[in-house]
Amino acid sequence: DVAVPEVLALVGIYLKQARHANALRVLEATKFRFTDAGLGDLYCFWMGQVLAIAGQFSEAIATANDIVEDAERTTLITVILKNQARLTGETTELEEHLATEWERTSDKALLLELCDLRAYLDKWDFIADKGTTLLDSIDTTYTVKLVLMSLYKTRKYSEFLNLARQVEHIWPENMQPPDIR
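Not measured: the values here are computed from a predicted model. (Residues numbered from 1 in each chain as written. Predicted model: local features only at pLDDT ≥ 70, side-chain atom pairs only at ≥ 80, totals over all residues. Heavy atoms only, no water.)

Chemist: When you look at the overall build of the chain in this model, what are you seeing that I'm missing?
Modeler: For the chain, the helix and strand inventory stands at 11 helices and 0 strands. Ordering the α and β elements of the chain from the N terminus gives α-α-α-α-α-α-α-α-α-α-α. The C-alpha radius of gyration of the chain comes to 21 Å, more than 25% above the 16 Å expected for a compact globule of 181 residues. Projecting the C-alpha coordinates of the chain onto the three principal axes gives extents of approximately 65 × 35 × 30 Å. Within the span of the chain, comprising 181 residues, buried residues form 42% of the whole. In the chain, the proportion of contacts linking residues at least 24 apart, taken out of those at least 6 apart, comes to 43%. Separation between the mean location of the 19 positive side-chain charges and that of the 28 negative ones in the chain comes to 5 Å. (Helix = DSSP H or I, 4+ residues; strand = E, 2+ residues; numbered from the N terminus. Rg over C-alpha atoms; globule rule 2.2 N^0.38 Å. Buried < 20%, exposed > 50% of the residue type's maximum accessible area, 1.4 Å probe, protein only. Contact = heavy atoms within 4.5 Å. Lys, Arg positive; Asp, Glu negative; His and termini not counted. Charge placed at Lys NZ, Arg CZ, Asp CG, Glu CD.)

Encoded structure:
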């Protein structure tokens, strides 16, 4: 009799070996183990990830939508869409998902993901507009650099200089990085 931890260990091994079809077969054959143990969301989370890794994105999203827990569902859909964007180069669906979920939940981690994506897409206005919100909740050197970069790229030079002076203390030895100076 195989328990859920052993199933997940085997799935992990198959994924490490890039044997996605085997991982899918194991999950499909043992779904009842998860549901009998009241772990339906865990099953969907793993199945969605394996489907995404296998490039079956629409099936992965459908599986993710079966997750009851809202935060878990959002996280999995984000992972799936990031993988799809990485493999296909198409970011529209990921961007729309992140924007919708951030507006719905005000989750700052989603805001950071959205800002990262928009920086990659060279869409700096949004980041410049949401910079204060981002820094109020995720005040790291990375987010400071992201916001400073957005202010500079959107030609908001006085705001750039004000923020750069305010955060001088966060840099090692109070020295701004060369790309900020």
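Back to the write-up after that little detour.
Chemist: Teacher, can you tell me more about the packing of aromatic side chains here?
Modeler: Each aromatic ring pair is described using two quantities: the centre-to-centre distance and the angle formed by the ring planes. In the structure shown here, the tally under the stated rule is 4 aromatic pairs. Geometrically, the ring pair formed by Trp 102 and Phe 126 is edge-to-face, given 6.2 Å between the ring centres and 90° between the ring planes. Of the two residues, Trp 102 sits in helix 7 (residues 92-105) while Phe 126 sits in helix 9 (residues 124-137), which places them 24 residues apart along the sequence. Grouping residues by exposure puts Trp 102 and Phe 126 together as buried. Three or more aromatic residues link up through ring pairs in this structure, and these residues are Tyr 152, Tyr 157 and Phe 160. Sitting above the plane of the Phe 126 ring, Arg 118 keeps its charged end 4.3 Å from the centroid. (Phe/Tyr/Trp six-rings, centres within 6.5 Å; stacked < 30°, edge-to-face > 60°. Lys NZ or Arg CZ within 6 Å of the ring centre and 35° of its normal.)

Chemist: So what exactly am I meant to see when it comes to helix 1 (residues 4-16) here?
Modeler: Owing to its 3.6 residues per turn, the α-helix aligns residues three or four sequence positions apart on the same side. Its 13 residues place the ends of helix 1 18 Å apart at the C-alpha level, agreeing with the 18 Å of an ideal helix rising 1.5 Å per residue. Taken together, the buried positions of helix 1 are Val 4, Val 7, Leu 8, Val 11, Tyr 14 and Leu 15. In a view along the axis of helix 1, the buried residues occupy a sector of 120°, so they form one face of it. Projecting away from the buried face of helix 1 at angles above 90 degrees are the exposed residues Pro 5 and Lys 16. On its buried face, helix 1 sits against helix 2 (20-29), helix 3 (31-36) and helix 4 (40-53). (Expected span 1.5 Å × (residues − 1). Arc of directions from axis to C-beta.)

Chemist: What is the right way to read the packing of helix 8 (residues 108-120) against helix 9 from this model?
Modeler: Relative orientation and spacing of two packed helices are given, respectively, by the angle between their axes and the distance between those axes. As a packed pair, helix 8 and helix 9 sit with axes 10 Å apart at the nearest point and diverge in direction by 150°. By the angle between their axes, helix 8 is roughly antiparallel relative to helix 9. In this structure, the crossing between helix 8 and helix 9 has a hand that is left-handed. Across from Lys 108, Leu 111, Leu 112, Leu 114, Cys 115, Arg 118 and Ala 119 in helix 8, the residues of helix 9 making contact are Trp 124, Phe 126, Ile 127, Lys 130, Thr 133, Leu 134 and Ser 137. Tallied by class, residues from the contact of helix 8 with helix 9 come to 9 nonpolar, 2 polar and 3 charged. (Axes fitted to C-alpha atoms, helices over the stretch in contact; angles between N-to-C directions. Parallel < 35°, antiparallel > 145°, perpendicular 65-115°, else oblique. Left-handed = near helix turned anticlockwise from the far one by under 90°. Nonpolar A, V, L, I, M, F, W, Y, C, P; charged D, E, K, R; others polar.)

Chemist: What should I look at first to understand the pattern of salt bridges in this one?
Modeler: Oppositely charged side chains are able to pair whenever their charged atoms sit close together. Applying the stated rule across the entire model yields 7 salt bridges. A salt bridge links Lys 123 to Glu 95; the shortest N-O distance between them is 3.0 Å. Residue Lys 123 is located in the loop between helix 8 and helix 9, and its partner Glu 95 is located in helix 7; the two are separated by 28 residues in the primary sequence. Overall, Lys 123 belongs to the partly exposed group, its relative accessible area being 40%. Using a relative accessible area of 11% as the deciding quantity, one classes Glu 95 as buried. It is possible to trace a salt-bridge network through shared partners that takes in Asp 70, Arg 73, Glu 101 and Arg 104. (Salt bridge = Lys/Arg side-chain N within 4 Å of Asp/Glu carboxyl O.)

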